[in-house]
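If you want the building blocks of each chain, they are given just below.
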Amino acid sequence: MKYDCLIIDDEKMLADSTAEYFNLFDVRTVVAYSVSECREFFRENKAQLLLLDINLGDGSGFELCKELRKTTNVPILFISARTSDDDKIVALNIGGDDYVQKPYTLGVLLAKVKAVLKRYGQNSQKAEYSDGRLWVNADAKQVKVDDSPVRLTALEFKLLWYLIENEDRVVSKQELFENVWGDRFTGDGTLNVHIRRIREAIEREPNNPVYITTVWGDGYKFNGGRQ
């Protein structure tokens, strides 16, 4: 699954309350309480930003940052109760993007996180899909097929764009419920109706779809570059 923020902190009460607060303000956040849980998270998930504590029960946040920097450029904000200027210098030199002092104010931290997510999203995520037939622009929330505008509802567009963001990957129904509807209890019937409407709008043959295919028992996949 894809999240906005991953908190890596072994202070469970603080980490959980921070994640709960972020989620209230539509910053999709999960928690890992250790280095090993962080590694496990990245085997099947993605995050656009990390809040990383320096002192973890099974390792150092500094060492974990250096490890992560070998495979990802995701922004990393260090969080720590340590006040040494040397720690701040080390954090920035090994690839950290900022240093947040504990105890922090949730509102101030949320504002910082949203600012980083906005900057990172603008610089790092594609905002447009085009293959010569289908054109989708995330900023304008517009869709065209063969240069002709296509009308989708806001939810249909959100669903289509989520599948495009996860191009060529099978996305489970549960993931779509949680990340498009924000409700893990949305029913299959509702999802099926929206998928059908999108297919009718963008596919040459809606009953024989090429762009959005069903992977029976698993979910749906957007097949990029297909015409």
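The following refers to the structure shown. As the structure is a prediction and not an experimental result, all values here were calculated from the model.

1. Quick word on the pattern of salt bridges
- Applying the stated rule across the entire model yields 15 salt bridges.
- In this structure, the salt-bridge partner of lysine 102 is glutamate 11, at a minimum N-O distance of 2.8 Å. Of the two residues, lysine 102 is situated in the loop between strand S7 (98–101) and helix H5 (106–124) and glutamate 11 in the loop between strand S1 (2–8) and helix H1 (12–24); the sequence distance between them amounts to 91 residues.
- For lysine 102, a relative accessible area of 9% puts it in the buried group.
- Take glutamate 11: its relative accessible area is 39%, and that puts it in the partly exposed class.
- Of the charged contacts in the structure, one is a salt bridge between aspartate 53 and lysine 102, with a shortest N-O distance of 3.5 Å. Highlighted residues: aspartate 53 in strand S3 (residues 46–53) and lysine 102 in the loop between S7 and H5, separated in sequence by 49 residues. Judged on exposure class, the residue aspartate 53 and its partner lysine 102 are both buried.

2. Overview of the packing of aromatic side chains
- One pass over the full model with this rule turns up seven aromatic pairs.
- Measuring from ring centre to ring centre gives 5.9 Å for tyrosine 3 and phenylalanine 41, while their planes differ by 45°; the resulting arrangement is tilted. Taken as a pair, tyrosine 3 in strand S1 and phenylalanine 41 in helix H2 (residues 35–44) lie far apart in primary sequence, 38 residues in all. Here the two residues tyrosine 3 and phenylalanine 41 agree in accessibility, since each one is buried.
- One aromatic cluster is present, formed by Tyr3, Phe41 and Phe42 through successive ring pairs.
- The ring of tryptophan 135 has lysine 144 lying over it, and the distance from NZ or CZ to the ring centre is 5.3 Å.

So, how was this worked out
Residues numbered from 1 in each chain as written. Predicted model: local features only at pLDDT ≥ 70, side-chain atom pairs only at ≥ 80, totals over all residues. Heavy atoms only, no water. Salt bridge = Lys/Arg side-chain N within 4 Å of Asp/Glu carboxyl O. Helix = DSSP H or I, 4+ residues; strand = E, 2+ residues; numbered from the N terminus. Buried < 20%, exposed > 50% of the residue type's maximum accessible area, 1.4 Å probe, protein only. Phe/Tyr/Trp six-rings, centres within 6.5 Å; stacked < 30°, edge-to-face > 60°. Lys NZ or Arg CZ within 6 Å of the ring centre and 35° of its normal.

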